[in-house]
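# Observations on the model geometry
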Amino acid sequence: MSQKKHPHPPEIIHCEVAAKSRLFTVEALHLQFSNGEQRQYERIRGGGRGAVMIVPITAENELLLVREYCAGTHNYQLGFPKGLIDPGETPIEAGNRELKEEVGFGAKHFCDLKTLSLAPSYFNAKMHIIVAKELYPEQLAGDEPEPLVTVKWPLDQWQSLLTQSDFTEARSVAALLLLQQYLAQEV
């Protein structure tokens, strides 16, 4: 199916830092669109490295999730292991490292499911969703302020994850649904 696309993004007339914190830089973009309309947008400048979310599946057909503190919602959320891609790492290498740091396993088999944009209207960030199989025990020290709680979830009960009050992160929900599409194609 072919859809009409815009020929090119608007022209950036001027870009300036509107606010800066230890973690975030907010830019004000002064734009001119192809029809001559001018607007100002704000965006969070991304670091450019990207991030990974790993969907680990054990030999016993269980998903491995983590329960960790999330400052944005000021509560604990259940989700898949995730983290930033370090300089020089591929998404797969970062996924294997994060898996070892967060749940104490490495993996021999990986499949990159999809690269997602996170709030593309405001943030230039990408997250690679990766399935990890053929797990083996290996622990690396992570950077979390407290130990993460690992939760095993039967793969055949994946739909019940969607009813959990602490399984609300959109990236984890998307990863779970992408996993189901991947598994259906494997059969």
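Our subject is the structure listed above.
The following refers to the structure shown. (Residues numbered from 1 in each chain as written. Predicted model: local features only at pLDDT ≥ 70, side-chain atom pairs only at ≥ 80, totals over all residues. Heavy atoms only, no water.)

So, about helix α1 (residues 91–103). In this model α1 runs 17 Å from its N-terminal to its C-terminal C-alpha over 13 residues, within 8% of the 18 Å that 1.5 Å per residue would give. In terms of residue burial, α1 counts as a mostly covered element, since 10 of its 13 residues are buried. If you check which residues of α1 are buried, you get Ala 94, Gly 95, Asn 96, Arg 97, Glu 98, Leu 99, Lys 100, Glu 101, Glu 102 and Val 103. The secondary structure elements touched by the buried residues of α1 are β4 (51–56), β5 (62–70), β7 (82–84), β8 (105–117), β9 (126–137) and β10 (149–154). Just beyond α1, the residue with positive phi is Gly 104, at close to 75°. (Helix = DSSP H or I, 4+ residues; strand = E, 2+ residues; numbered from the N terminus. Expected span 1.5 Å × (residues − 1). Buried < 20%, exposed > 50% of the residue type's maximum accessible area, 1.4 Å probe, protein only. Contact = heavy atoms within 4.5 Å.)

What follows covers the sheet that holds β4. Read across the sheet, 4 strands follow the order β7-β4-β9-β8 without closing on themselves; strand pairing throughout is mixed. Because the sheet does not close on itself, it has two edges, and the strands there are β7 and β8. When the angles between neighbouring strand axes are averaged without regard to direction, this sheet yields 25°. In this structure, β4 lies alongside β9, joined through 6 bridges in parallel fashion. If you follow Val 55 over to β9, its bridge partner there is Val 131. Each of β4, β7, β8 and β9 touches α1; the most contacted strand, β8, lies at about 120° to it. (Pairing = 2+ DSSP bridges. Axes fitted to C-alpha atoms, helices over the stretch in contact; angles between N-to-C directions.)

Before going further, it helps to examine the sheet that holds strand β6 (residues 75–79). Strand order in the open sheet formed by 3 strands is β6-β5-β10, and the pairing between neighbours is antiparallel. Bordering the open sheet on either side are β6 and β10, each of which pairs with just one other strand. Averaged over all pairs of adjacent strands, the angle between their axes in this sheet comes to 30°, without regard to strand direction. Judged from the 5 bridges that link them, β5 and β6 form a sheet pairing that is antiparallel. Bridge pairing links Arg 67 to Leu 78 in β6. Helix-sheet contacts for α1 involve β5 and β10, and the interaxial angle to β5 is about 75°.

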